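Summary of structural features
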Amino acid sequence: MSRLRHCLAFGVASFVFALAAQAQETSAPASAAATPANRPAALADFDAYVDATRKQFDVPGIGVAIVKDGKTVLEMGSGVRKLGEPAKVDAHTQFAIASNTKAFTAASLSILADEKKLDMNDRVIDRLPWFQMSDPYVTREMRIRDLLAHRSGLSLGAGDLLYWPATTYTTQEVVQRLRHVPLTNSFRAEYAYDNILFAVAGLVIEQVSGKPWADFVRERIFAPLGMTESQTHAPDSIGPNDDIATGHAKFDFKDLKPVAPMSWNNNQAAGGIYSSVHDLSKWMNMQLAGGTYTDASGKEQRLFSAKRQTEMWSLLTPIRISEPSVPELQATKPNFYGYGEGWFVSDYRGHKLVWHTGGWPGMVSRVTLVPDLKLGIVVLTNQESGAAFQAVTMRALDAFMDAPKTDWNAAYAASMKKAEANADESMKKHEATRMKGAKPSLPLDGYAGTYRDPWYGDVKVTKEGGKLVMSFAKTVQLKGTLEPWQHDTFIAHWNDRSLNGDAFVNFSLDPDGKVREVRMEPVSPLTDFSFDFQDLRLTPVTTEDHTCRSAPCARQLLGPYVTGPVALSREAVARKARSYGFRPAITATRRGRSKPSARRPPSDRRGRPRCRPNATPGLAGAAKECPRRAGAR
């Protein structure tokens, strides 16, 4: 089952959702905060429709708000905040809005751009000199605007395991590890959704404004708009009487249960906000008014300029348009589709849509704006069913566009059914090619050890009670048993069954029968893309690893912006030293360990390198590149 942030990557045209539509009745009727008299005739039965959608897709609670022409047409809640408890969802119930946060980050940068404190075309390294991608050209050319547009060359969800599920890395550590995350495409060549570059954007906001991202959003957006039911530190600051929904997931794709709240403090700028549909009505009205709002004294104020809004809503990165997953969704196929700055842009029935979705453990949501109709729709849910928020959104859009009434519940149920069938077929293919009875080629002890990936860090495999257990050093939730599958391949069954992220784990052996590398990939195609196990390149950590135990040593080997100890193999020490202009000579010590000795390039009288072969351009304080010798290539 996907977390359904999958919908972030593939848009209106082909929503494929992964939850079994077992109807579970929740006896909490819808409660509306706006009178039916204010609604179009097509929405006269909207409360009942939302309630039916909730039951169709097994969602405990849904919040909905609709704004039109600067006024709130509807605010309502349906169902309960948490299964088994009586508290109802209403218009003031807070949900995690996840990646709908990205538009707030884009707005924050726009505010700073309007104040001439930055330009959206500024190079990132001019604001964060230590920033580095895995390619020096991309490092040099990455602009602030690029951070918001999903066109960096990173793969879908690249680096998400650094913070999803929750890890102990800091935001700065996450961004520093970006230098090791591989690029799989050319810069600005193709769309691939990511979260990690929004962490960079958050640090840019902090560097320019002098305030943490969370403080900036609270002071410069929430406070002016009167968004008193929004916060950036939930669930850390949730009180016992707070009106906040609990997320729910289908454990093992079948059993609906509450999930533990997740704190995403190391990438808040990508998805850290909790809010209510009441507050998001204010956010949508400001957006539809071109960045203006009315303050508490009744005066019109401007949050950001009309120019910046036009740029945020302009298509920067085209997205391929695919056929809908089932014929029932044919009407959702857009004529154009792409990403702007923190927003998707597409069309529906001749109207431009500006929208985004969000997914969180146990909660998914969608915010949709129709600029020419001055229409805004927000749907927040506390279950991982994107089908529910899509069905509600499409019904509301049709009502204001005078479109024929469509049974969107049936359409998205058909899409879900097909997705589940495809997942079942995928597993059958794995089963068909599996060599049953093929045992591991090594005793279990032979697979045990610590393995290291360049960008994630350490993953341990231990033998406990006659079984292998895998645990990710920085991710508490990623711990589980390795079940033998065939030969040197196992399946990691995570102890937290709400994740629905079990993975194949393949140990590659060298000619001497020792583990050379470990590769992973999700078992189910319905697993959320943020479980980017396929990008890991895990290799054994040996006793010969060279450890820099001081910051000066680390800086000598890895560059001037490393601030702490690092651990590298001897080969990596030599490789990194060469890339920074040294000629390492590995020599053995009495204990059989190794250390690099290096001759530096020529220095000036102050000891600074006059030049450095293959110097990384654009890094503040970096030595200039050595001139090429005659005849050199």
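Here goes a summary of the coordinates provided. Model, not experiment: these values are computed from the prediction.

1. Things to note about the sheet that holds strand β16 (residues 449–453)
Strands sit in the order β22-β21-β20-β19-β18-β17-β16-β23 across an open sheet of eight strands; the sheet is antiparallel. If you trace the sheet from one side to the other, it starts and ends with β22 (515–522) and β23 (539–540), each paired once. Of the strand pairs in this sheet, β16 and β23 are connected by two bridges, and their pairing is antiparallel. Bridging across to β23, Arg452 finds its partner in Thr539.

2. Quick notes on the pairing of strand β18 (residues 467–472)
As judged from the six bridges shared by strand β17 (residues 457–464) and β18, these two strands associate in the antiparallel manner. Residue pairing for β18: Glu464 is matched across the bridge by Lys467. Where β17 hands over to β18, the hairpin turn is made up of two residues, of which Gly465 adopts a positive phi near 60 degrees. Pairing of β18 with strand β19 (residues 475–486), which is carried by five bridges, proceeds in the antiparallel orientation. Its bridge partner lying in β19, Met470 is registered against Gly480. Linking β18 back to β19 in an antiparallel pair, the connection comprises two residues.

3. Notes on the nonpolar core
For soluble globular proteins, nonpolar side chains are generally found buried alongside one another. Residues Phe46, Ile66, Trp283 and Phe472 are the most contacted members of the largest nonpolar core, which totals 160 residues. Discounting chain neighbours no more than four positions away, the residues touching Ile66 are Leu43, Phe46, Lys71, Thr72, Val73, Leu74, Leu375, Gly376, Ile377, Ala396 and Phe400.

4. Focus: helix α3 (residues 102–114)
Its 13 residues place the ends of α3 18 Å apart at the C-alpha level, agreeing with the 18 Å of an ideal helix rising 1.5 Å per residue. Within α3, 12 of the 13 residues are buried, which leaves the element mostly enclosed by the surrounding structure. Along α3, the positions that sit buried rather than exposed are Lys102, Ala103, Phe104, Thr105, Ala106, Ala107, Ser108, Leu109, Ser110, Ile111, Leu112 and Ala113. Immediately beyond the C-terminal end of α3, within one or two residues, lies Lys116, with a positive phi of roughly 65 degrees.

5. Some points on the packing of α3 against helix α8 (residues 213–225)
Packed helices, taken two at a time, are described by the angle their axes make and the gap between the axes. Direction vectors running N to C along α3 and α8 enclose 75 degrees, while the axes themselves pass 10 Å from each other. With respect to α8, the axis of α3 lies roughly perpendicular. Across the interface between the two elements, Phe104, Thr105, Ala107, Ser108, Ile111 and Leu112 from α3 touch Trp213, Phe216, Val217, Arg220, Ile221 and Phe222 from α8. Considering only residue class, the contact of α3 with α8 consists of nine nonpolar, two polar and one charged.

6. Some points on the side chain of Asp532
With respect to the helices and strands, the residue Asp532 is situated in the loop between β22 and β23. In this structure the side chain of Asp532 is engaged in a polar contact, spanning 3.5 Å, whose partner is the backbone nitrogen of Asp160. For Asp532, the contacting residues outside a window of four places in its chain are Gly157, Ala158, Gly159, Asp160, Leu161 and Trp455.

7. Examining the pattern of salt bridges
One pass over the structure, following the stated rule, counts 31 salt bridges. In this structure, Glu190 engages Arg320 in a salt bridge whose closest nitrogen and oxygen atoms are separated by 3.2 Å. One end of the pair, Glu190, is in the loop between α6 (171–176) and α7 (196–209); the other, Arg320, is in the loop between β10 (317–318) and β11 (337–339), and 130 residues separate them in sequence. For Arg452, the salt bridge goes to Asp458, with nearest N and O atoms at 2.6 Å. Judged by relative accessible area, which is 22%, Arg452 ranks as partly exposed. Overlapping salt bridges, with partners in common, bring together Arg145, Arg308, Glu311 and Glu341 in one network.

8. Let's talk about α7
The end-to-end C-alpha separation of α7 is 20 Å, in line with the 20 Å expected for 14 residues at 1.5 Å each. Summarising burial for α7: 11 of the 14 residues are buried, a large majority. Burial in α7 covers these residues: Ile196, Leu197, Phe198, Ala199, Val200, Ala201, Gly202, Leu203, Val204, Ile205 and Val208. Contacts from the buried residues of α7 go to α3, α4 (124–127), α6, α8, α9 (268–271) and β11. A positive backbone phi angle near 80 degrees is found at Gly210, which sits one or two residues after α7.

9. A word on the packing of aromatic side chains
As enumerated under the stated definition, the model contains 27 aromatic pairs in all. For the ring pair Tyr339 and Phe344, a centre distance of 4.7 Å and an interplane angle of 85 degrees mean the geometry is edge-to-face. Neither Tyr339 nor Phe344 differs from the other in exposure class; each is buried. Three or more aromatic residues joined by ring pairs make a cluster, and in this case those are Tyr191, Tyr193, Tyr337, Tyr339, Phe344, Trp355 and Phe529. Over the aromatic face of Phe198 sits the side chain of Lys102, whose NZ or CZ is 5.2 Å from the ring centroid. Directly above the aromatic system of Trp355 lies the positively charged group of Arg366, at a separation of 4.6 Å from the ring centroid.

10. Focus on the packing of helix α2 (residues 46–56) against helix α12 (residues 386–400)
At a minimum axis separation of 10 Å, α2 and α12 run at an interaxial angle of 160 degrees. By the angle class used here, α2 and α12 are roughly antiparallel. The way α2 lies across α12 gives a crossing that is right-handed. Here α2 contributes Phe46, Tyr49, Val50 and Thr53 to the contact with α12, which in turn contributes Ala388, Ala391, Val392, Arg395 and Ala396.

Reading the values: rules and limits
Residues numbered from 1 in each chain as written. Predicted model: local features only at pLDDT ≥ 70, side-chain atom pairs only at ≥ 80, totals over all residues. Heavy atoms only, no water. Pairing = 2+ DSSP bridges. Helix = DSSP H or I, 4+ residues; strand = E, 2+ residues; numbered from the N terminus. Core = buried A, V, L, I, M, F, W, Y, C linked by side-chain atoms within 4.5 Å. Buried < 20%, exposed > 50% of the residue type's maximum accessible area, 1.4 Å probe, protein only. Contact = heavy atoms within 4.5 Å. Expected span 1.5 Å × (residues − 1). Axes fitted to C-alpha atoms, helices over the stretch in contact; angles between N-to-C directions. Parallel < 35°, antiparallel > 145°, perpendicular 65-115°, else oblique. Nonpolar A, V, L, I, M, F, W, Y, C, P; charged D, E, K, R; others polar. Polar contact = N/O pair within 3.5 Å; in protein donor to acceptor, adjacent residues only side chain to side chain. Salt bridge = Lys/Arg side-chain N within 4 Å of Asp/Glu carboxyl O. Phe/Tyr/Trp six-rings, centres within 6.5 Å; stacked < 30°, edge-to-face > 60°. Lys NZ or Arg CZ within 6 Å of the ring centre and 35° of its normal. Left-handed = near helix turned anticlockwise from the far one by under 90°.

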